[in-house]
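So you can see what is in the structure, the chains are spelled out below.
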Amino acid sequence: MSVTENIPTRQIDRSQMKVSDEIAIEITGMNKWFGTFHVLRDINLTVQRGERIVVCGPSGSGKSTLIRCINRLEEHQKGTIMVDGTELSSDLKNIDKIRSEVGMCFQHFNLFPHLTILENCTLAPIWVRKTPKKEAEETAMKFLEKVKIPEQANKYPGQLSGGQQQRVAIARSLCMKPRIMLFDEPTSALDPEMIKEVLDTMIELAEEGMTMICVTHEMGFAQAVANRVIFMDQGQIVEQNEPKEFFNNPKSERTKLFLSQILGH
Amino acid sequence: MLATILGVIGGVLRLSKNWIVRKLMAVYVEGFRNVPLLLWIVAIYALMTEGTPQPRDFRVAEDGTAAASMIFDAFAITNRGVYIPAPVWGPNAVFLLAIFVLSIVGAFVYRSYAKKVLFDTGRLLPMVWPALLIAIVPTILMYFILGRPIGLDYPELGGFNFQGGTQISNPLTALWLALSLYTGAFITEIVRAGILSVSKGQSEASFALGMRPNRTMNLVILPQALRVIIPPMTSQYLNLSKNSSLAIAVGYPDVRATLGGITLNQTGRALECMLLLGLFYLGLSLIISFLMNIYNNSKKLQER
Amino acid sequence: MSDTDSEVISFFVREKMLEEQEPPLTERGAVKWLRENLFSSWLNGLLTIVSLYVIWYILSGIVPWLWSPTWSLGSLSECREVLTGLGETTHQACWGVIRDRWQQLLFGFYPSDAYWRPTLALVILLAGLAPVLFGSIPRWFLLFSAATPFVLFLLLWGGPIWTPLLVGVGLVLGVVAFRYLVGVNQIVAVLAAIIVPVLFWLFLVEPIAFELTYTAPIGLEFIPSKDFGGFMLSVVIGVAAIILSLPLGIMLALGRASDLFIVTKLSVIFIEIIRGVPLIVWLFTASLLLNYFLPPGTSFDLTLRVIIMVTLFSAAYIAEVVRGGLAAVPKGQYEGADSLGLSYWQSMQLIVLPQALKISIPGIVNTFIGLFKDTTLVVFIGLLDPLGLTSAIRASTDWNGIYWELYVFIGVLFFIACYGMGRYSLWLETKLQRENR
Ligand SMILES: Nc1ncnc2c1ncn2[C@@H]1O[C@H](COP(=O)(O)OP(=O)(O)OP(=O)(O)O)[C@@H](O)[C@H]1O
Ligand SMILES: [Mg+2]
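Residues numbered from 1 in each chain as written. Chains lettered and ligands numbered in written order. Predicted model: local features only at pLDDT ≥ 70, side-chain atom pairs only at ≥ 80, totals over all residues. Heavy atoms only, no water.

Asker: Just checking my understanding: could you explain the overall build of chain B for this structure?
Answerer: Per the secondary structure count, chain B includes 11 helices and 7 strands. Taking all 304 residues of chain B together, 42% fall into the buried category. As displayed, chain B has an accessible area near 16500 Å², and 68% of this comes from carbon and sulfur atoms. (Helix = DSSP H or I, 4+ residues; strand = E, 2+ residues; numbered from the N terminus. Buried < 20%, exposed > 50% of the residue type's maximum accessible area, 1.4 Å probe, protein only. Areas by Shrake-Rupley, 256 points an atom, 1.4 Å probe, with all protein chains shown as cover.)

See below:
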């Protein structure tokens, strides 16, 4: 994979991509253990509203764990995580609040196979947001149009291609009107053409000013869209920088090694 | 029936976060699965005939104590059977029953109404408590308004045995208990496997959308698990119906006497008797598998 | 990057990697374990307390009963005396009965000087099964496995050595006939493979065996099957039925999957009828009705009749298991075999069945567990399985009125056997899954 691959061919509209001073996520001194295994070590990260952050690093470095901590799919043991000014603790109220603010897309889509695409998209708005069904369906259709698959609304997930499924998953998260989106390797289970479909959708999201944290190895995407790249290794943040600097002038040895491996040749 | 309830509760408990509960359920499941059903039936039967007091133990002695006492003054477990209050049907009983049925229907109507309200306006009405209230309150009210049309005839000690009430014979209770516990153990495993078969990603996705664990279970996990659960469940019900033939275990002497007599005579009756019994079970299992197939198909259609 | 972006970027390079640290105290060891497994929420805490109470309740009922120094006593009345003498209640077990009668529970009325025979038979059985169960054992061992049924028969029932030997010879003749004729015509070969041994058994075995016994009386003392009993009877019936029903079950499964309409329908009807009716009804049928169909005057050993019935019964269940296995073999395998020009029997024998059977072994073991437990049902037609023996034991004046000790003993025996087999089948399943990935 090279840097030039999967760079969107069209011009990216940056007019909406503004980073405000408002803090969306603030992680301070966060540590996490699986049993005795120290997965995340002293993570400090501040994300401002409107930032697009790409997280990369070797396998097992704790990238997934980090972003899963942000909506409490994993529990951290030390330090604090504040999302939109709400602290993540075992208080169920806070968890509910944060989870409906934060959307997440998984590597394996995790669509609900027993529901149609439309039902997948309206389930949470109806039961969590308490939106009337009609309205929820209208919103869902709007987002399905946005990810360019409105015609699939009444099919079941099993009948869609991988790229379509991932776009449905994105639409499903968007239906909750999240202010922050988390992506965990959304394209790594997909074929090259499908990758492009999904990346285009993500770029559009970025253009609208969504705050995004994205675990991905799509370096083209990182260069084009991200305003910050974070490199993780052994459960810690090793380097963070703006994409151009990060790719052309990495500071740490580990980063250099990782980049030379991932970019190959 | 009890088996299903036991099984579902067991299956959920077996996956509980609680270590002791998990282990306890494992012991229950392994214990019942690995020991012959017949042994359980005779053991429970023996427990009921040998381990329970005789009716005369309930007699209150002169010093005011009794060797055994009734539960709530209404139930008596004795070695001659379990005595429970028997309903006495008054003139307005039919009326009351009708109301009871209606209010249960009402509870379901309320549930679908609450769902409709949620879908239409986005107001989430509480579902469980009002439904329960609707199901119960009118019946109780009418019970008193109609002047207690259904009375209870309590079993009472008279002579050497209980009078009044209904006697449920011990063999029946033993069979019922053993079958329920035994089948429950199998259903527990089926339910557990069904829930486990739904991948962890599903519940995570649901959590990530902000759904609470209970709702995740109801809306996401169970509908999917059900598809996996139904086929093995069918065969468990088939087994249950077939195992009910073990009734002869507890009524064993009679059966051997009659059948033995028949064998001696070598009349044609044994043949017919067996044929009848066989046909009965064959018909029963065909009906059960037919019904379960219909149910299964209705669940499958939603899938794709 | 646009200017608005670069303002907020915090550059960061970690110079020194952090060392791995111990988790905080509340996240370690017993504290964490307790918190996570027992008290993660108030509901969980409640559950913990309730289950602790349940455990205590059950144990407090059982342990004093179990803990009873009555091992050496010879009768129930002695037990009662001793226990009252100790100031204990009579609500305690009387273990003397197990010490007194354990042999009977295991072997029934089998002559006690011949106990070594079923024991040896069990060992041989396990050894013979080893290649099937664990795979990867030399090929000559398979011959040994094939010979085991005859050895077992000889060991259990005794009698002159020649009859089982000749039955085995009949089988070999069948195989030879098949091999010889298979080049000529398939159907003729199959027919010959069935007819030759049957003819041999019907007309030659008895006279030859008689002659041989007369000239060389080698053999073991004959033990009639009415002496069989206890746990041994369950094992004999279970094992015999499962071994005999395997070929039958496979044939039924193949029949059900075959293209021939009549064969398919017949197999389905047979399987469904057998499965639709409880075993106990079949057992009564065996005990009553086989007499109608057999010519009058032949008294057919009841145990053998039961074994035949149970064989038919389990064949239907095994057929279903094997059918699942056949369905699990990918379609490409059938097509591949066809494309190589293999005949139906060849492709089944060489390609499909080996794979299908491998997949079905866990299911077959589970069927066996069910069957093994169901062997207790033979008590209803008057055979002395362990449960039947409890009444026999209770019939003696020494042990009149003893229930629980015997039930517990039998229950534990069954539990050990079934649990062990269940674990084995689980192990096999995970192993198969691993190999398939
Ligand atoms: N539930 C868990 N229990 C124990 N260890 C875990 C668990 N989940 C992850 N780990 C361990 O934590 C480490 C980090 O896992 P994580 O999934 O965050 O890595 P990653 O950076 O996302 O890797 P990848 O690029 O392969 O997705 C790994 O070593 C993994 O083995
Ligand atoms: Mg990951």
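After that view, the rundown keeps rolling.
Asker: In this structure, what is going on with the overall build of chain A? I would like to understand it.
Answerer: Scanning chain A for helices and strands turns up 9 helices and 10 strands. With respect to the principal axes defined by its C-alpha atoms, chain A has extents near 55 × 45 × 35 Å. Expressed as a percentage of contacts within chain A between residues at least 6 apart in sequence, the contacts between residues at least 24 apart total 69%. A total of about 10000 Å² of accessible surface is found on chain A, and carbon and sulfur atoms cover 48% of it. Distance between charge centroids for chain A: 3 Å, based on 32 positive and 35 negative side chains. (Contact = heavy atoms within 4.5 Å. Lys, Arg positive; Asp, Glu negative; His and termini not counted. Charge placed at Lys NZ, Arg CZ, Asp CG, Glu CD.)

Asker: Can you help me understand the interface of chain B and chain A in this one?
Answerer: How big an interface is tends to be stated in terms of accessible area lost as the parts join. The partner chain A presents 29 residues to the 27 residues of chain B that form the contact. The interface formed by chain B and chain A includes 2 salt bridges. Across the pair Glu 204 of chain B and Arg 68 of chain A runs a salt bridge whose closest N-O atoms are separated by 2.6 Å. Where chain B touches chain A, the interface holds 7 residue pairs in polar contact (both at pLDDT 80 or more). For the side of chain B that touches chain A, the elements supplying multiple residues, two or more each, are helix 4 (93–121), helix 7 (200–208), helix 8 (213–243) and helix 11 (269–303) of chain B. It is helix 7 of chain B that contributes the most residues to the side of chain B that touches chain A, 7 residues altogether. Each residue belonging to the side of chain B that touches chain A can be placed in one class, and the counts come to 12 nonpolar, 8 polar and 7 charged. (Salt bridge = Lys/Arg side-chain N within 4 Å of Asp/Glu carboxyl O. Polar contact = N/O pair within 3.5 Å; in protein donor to acceptor, adjacent residues only side chain to side chain. Nonpolar A, V, L, I, M, F, W, Y, C, P; charged D, E, K, R; others polar.)

Asker: What exactly am I supposed to notice about the sheet that holds strand 1 (residues 23–34) of chain A here?
Answerer: Within a sheet, adjacent strands bond to each other through the backbone by hydrogen bonds, running parallel or antiparallel. Residues and elements named next belong to chain A. The strand order across the open sheet formed by 4 strands is 2-1-4-5, and the pairing between neighbours is antiparallel. At either margin of the open sheet sits one strand with a lone partner, and together these are strand 2 (37–48) and strand 5 (86–87). By the bridge criterion, 5 bridges tie strand 1 to strand 4 (residues 78–83) in an arrangement that is antiparallel. Residue pairing in the sheet places Glu 26 in a bridge with Met 82 of strand 4. (Pairing = 2+ DSSP bridges.)

Asker: In this structure, what is going on with the side chain of Thr 122 of chain A? I would like to understand it.
Answerer: You can see Thr 122 of chain A is positioned in helix 3 (residues 117–127). Not counting the four nearest positions on each side in its chain, Thr 122 of chain A is found in contact with Ala 136, Glu 137 and Ala 140 of chain A.

Asker: What is the right way to look at the site of ligand 1 in this model?
Answerer: All names here are of chain A. The environment of ligand 1 is made up of Phe 34, Phe 37, Val 39, Pro 58, Ser 59, Gly 60, Ser 61, Gly 62, Lys 63, Ser 64, Thr 65 and Glu 185. One nitrogen or oxygen atom from the side chain of Ser 59 is found 2.5 Å from an oxygen atom belonging to ligand 1. Looking at the shell around ligand 1, the element that brings in the most residues is helix 1 (residues 63–70), giving 3 residues. Within the shell around ligand 1, the residues separate by chemical class into 4 nonpolar, 6 polar and 2 charged. (Near = heavy atom within 4 Å.)

Asker: What am I meant to see in a nonpolar patch on the surface here?
Answerer: Nonpolar side chains collect at one region of the surface, where Trp 42, Leu 43, Leu 46, Val 50, Tyr 53, Val 54, Trp 56, Tyr 57, Ile 58, Ile 62 and Leu 66 of chain C lie side by side and expose about 1200 Å² of accessible area between them. Tracing the backbone through its elements, the reader meets Val 50 of chain C in helix 3 (residues 42–66). (Patch = residues over 30% accessible without salt bridge, like charges linked within 9 Å, V, L, I, M, F, W, Y side chains within 5 Å.)

Asker: What exactly am I supposed to notice about the packing of helix 10 (residues 230–257) of chain C against helix 14 (residues 302–328) of chain C here?
Answerer: In a pair of packed helices, the angle between the axes and the distance between the axes together describe the arrangement. Residues and elements named next belong to chain C. Put simply, helix 10 and helix 14 touch, their axes get as near as 5 Å, and they point 45° apart. In terms of their interaxial angle, helix 10 and helix 14 are classed as oblique. Relative to helix 14, helix 10 is oriented so that their crossing is right-handed. Considering only residue class, the contact of helix 10 with helix 14 consists of 24 nonpolar, 5 polar and 3 charged. (Axes fitted to C-alpha atoms, helices over the stretch in contact; angles between N-to-C directions. Parallel < 35°, antiparallel > 145°, perpendicular 65-115°, else oblique. Left-handed = near helix turned anticlockwise from the far one by under 90°.)

Asker: How should the packing of helix 5 (residues 96–107) of chain C against helix 17 (residues 386–394) of chain C be read in this particular structure?
Answerer: All names here are of chain C. Two elements in contact, helix 5 and helix 17, have axes separated by 11 Å at closest approach and are oriented at 130°. Put simply, helix 5 runs oblique to helix 17. Of the two elements, helix 5 crosses helix 17, and the hand of that crossing is right-handed. Across the interface between the two elements, Val 97, Arg 101, Gln 104 and Leu 105 from helix 5 touch Pro 386, Leu 389 and Ile 393 from helix 17. Per-class residue counts for the contact of helix 5 with helix 17 are 5 nonpolar, 1 polar and 1 charged.

Asker: I would appreciate a short explanation of the packing of aromatic side chains in the present structure.
Answerer: One pair of aromatic rings is described through two measures. These are the centre distance and the angle between the planes. A full pass over the atoms with the stated rule returns 13 aromatic pairs over all chains. Geometrically, the ring pair formed by Phe 372 of chain C and Phe 414 of chain C is tilted, given 5.2 Å between the ring centres and 50° between the ring planes. Highlighted residues: Phe 372 of chain C in helix 16 (residues 344–374) and Phe 414 of chain C in helix 18 (residues 404–436), separated in sequence by 42 residues. Note on Phe 414 of chain C: relative accessible area 0%, which makes it buried. One aromatic cluster is present, formed by Tyr 28, Phe 32 and Trp 40 of chain B through successive ring pairs. Sitting over the face of the ring of Phe 34 of chain A, Lys 32 of chain A holds its NZ or CZ atom 4.6 Å from the ring centroid. The ring centre of Phe 143 of chain A lies 5.1 Å from the NZ or CZ of Lys 142 of chain A, which sits over that ring. (Phe/Tyr/Trp six-rings, centres within 6.5 Å; stacked < 30°, edge-to-face > 60°. Lys NZ or Arg CZ within 6 Å of the ring centre and 35° of its normal.)

Asker: Whenever I open this one, the sheet that holds strand 10 (residues 236–241) of chain A confuses me. Can you help?
Answerer: Sheet architecture is open: 7 strands sit in the order 6(A)-7(A)-8(A)-3(A)-9(A)-10(A)-1(C), paired in mixed fashion. Unpaired on one side and paired on the other, strand 6 (102–105) of chain A together with strand 1 (12–13) of chain C mark the two borders of the sheet. Across the sheet, helix 6 (residues 192–207) of chain A lies against strand 3 (52–56), strand 7 (180–184) and strand 8 (211–215) of chain A, angled at about 150° from strand 8 of chain A, the strand it touches most.

Asker: Hey, could you run me through the pattern of salt bridges in this one?
Answerer: Opposite charge on two side chains permits them to pair, given that their charged atoms come into close proximity. Under the counting rule described, the total for this entry stands at 23 salt bridges over all chains. Asp 233 of chain A is the partner of Arg 254 of chain A in a salt bridge, and the nearest nitrogen-oxygen pair spans 2.9 Å. Here Arg 254 of chain A is found in helix 9 (residues 253–263), whereas its partner Asp 233 of chain A is found in strand 9 (residues 228–233), with 21 residues between them in sequence. For Glu 320 of chain C, the salt bridge is made with Arg 256 of chain C, and the minimal N-O distance between the two is 2.7 Å. With Glu 320 of chain C in helix 14 and Arg 256 of chain C in helix 10, this residue pair connects regions lying 64 residues apart in the sequence. The residues Glu 320 of chain C and Arg 256 of chain C share a single accessibility class, namely buried. Each member of the salt-bridge network shares a partner with another, and the members are Glu 22, Arg 49, Asp 84 and Arg 179 of chain A.

Asker: When you look at the pairing of strand 2 of chain A in this model, what are you seeing that I'm missing?
Answerer: Residues and elements named next belong to chain A. Of the strand pairs in this sheet, strand 1 and strand 2 are connected by 8 bridges, and their pairing is antiparallel. Bridging across to strand 2, Met 30 finds its partner in Ile 43. The loop that links strand 1 with its antiparallel partner strand 2 comprises 2 residues; one of these, Gly 35, has a positive phi angle of about 65°.

Asker: What is the right way to look at unusual backbone geometry in this model?
Answerer: A negative phi holds for most residues other than glycine; trans holds for most peptide bonds. Residue and element names in this part refer to chain A. The phi angle at Lys 148 is positive, at roughly 70°, despite the residue not being glycine. On the secondary structure map, Lys 148 appears in the loop between helix 4 (133–146) and helix 5 (162–174). In this structure Lys 148 comes out as exposed when scored by relative accessible area, which is 52%. For Gln 234, which is not a glycine, the phi torsion comes out positive at approximately 50°. Tracing the backbone through its elements, the reader meets Gln 234 in the loop between strand 9 and strand 10.

Asker: What should I look at first to understand helix 5 of chain C in this one?
Answerer: An α-helical segment advances 3.6 residues per turn. Residues three or four places apart therefore align on the same side. Listed as buried for helix 5 of chain C are Gly 96, Val 97, Ile 98, Arg 101, Gln 104, Leu 105 and Phe 107 of chain C. At the C-terminal side of helix 5 of chain C, Gly 108 of chain C shows a positive phi close to 70°.

Asker: Sorry if this is basic, but what is going on with the side chain of Ser 103 of chain B here?
Answerer: Positionally, Ser 103 of chain B belongs in helix 4. Ser 103 of chain B has contacts with Ile 134, Ala 135, Pro 138 and Thr 139 of chain B, leaving out every residue within four places of it along the chain.

Asker: Is there a simple way to explain the state of the cysteines in this structure?
Answerer: Here is the idea: a disulfide is a covalent bond, and it sits between the sulfur atoms of two cysteines. Residue and element names in this part refer to chain A. Going through the model one piece at a time under the given rule, you end up with 0 disulfides over all chains. We note that Cys 175 lacks a disulfide partner, and the nearest cysteine sulfur, in Cys 121, lies 4.5 Å from it. Looking at Cys 214, it has no disulfide partner, and the nearest cysteine sulfur is the one in Cys 105, 9.2 Å off. By relative accessible area, Cys 214 is classed as buried at 1%. (Disulfide = S-S within 2.5 Å.)

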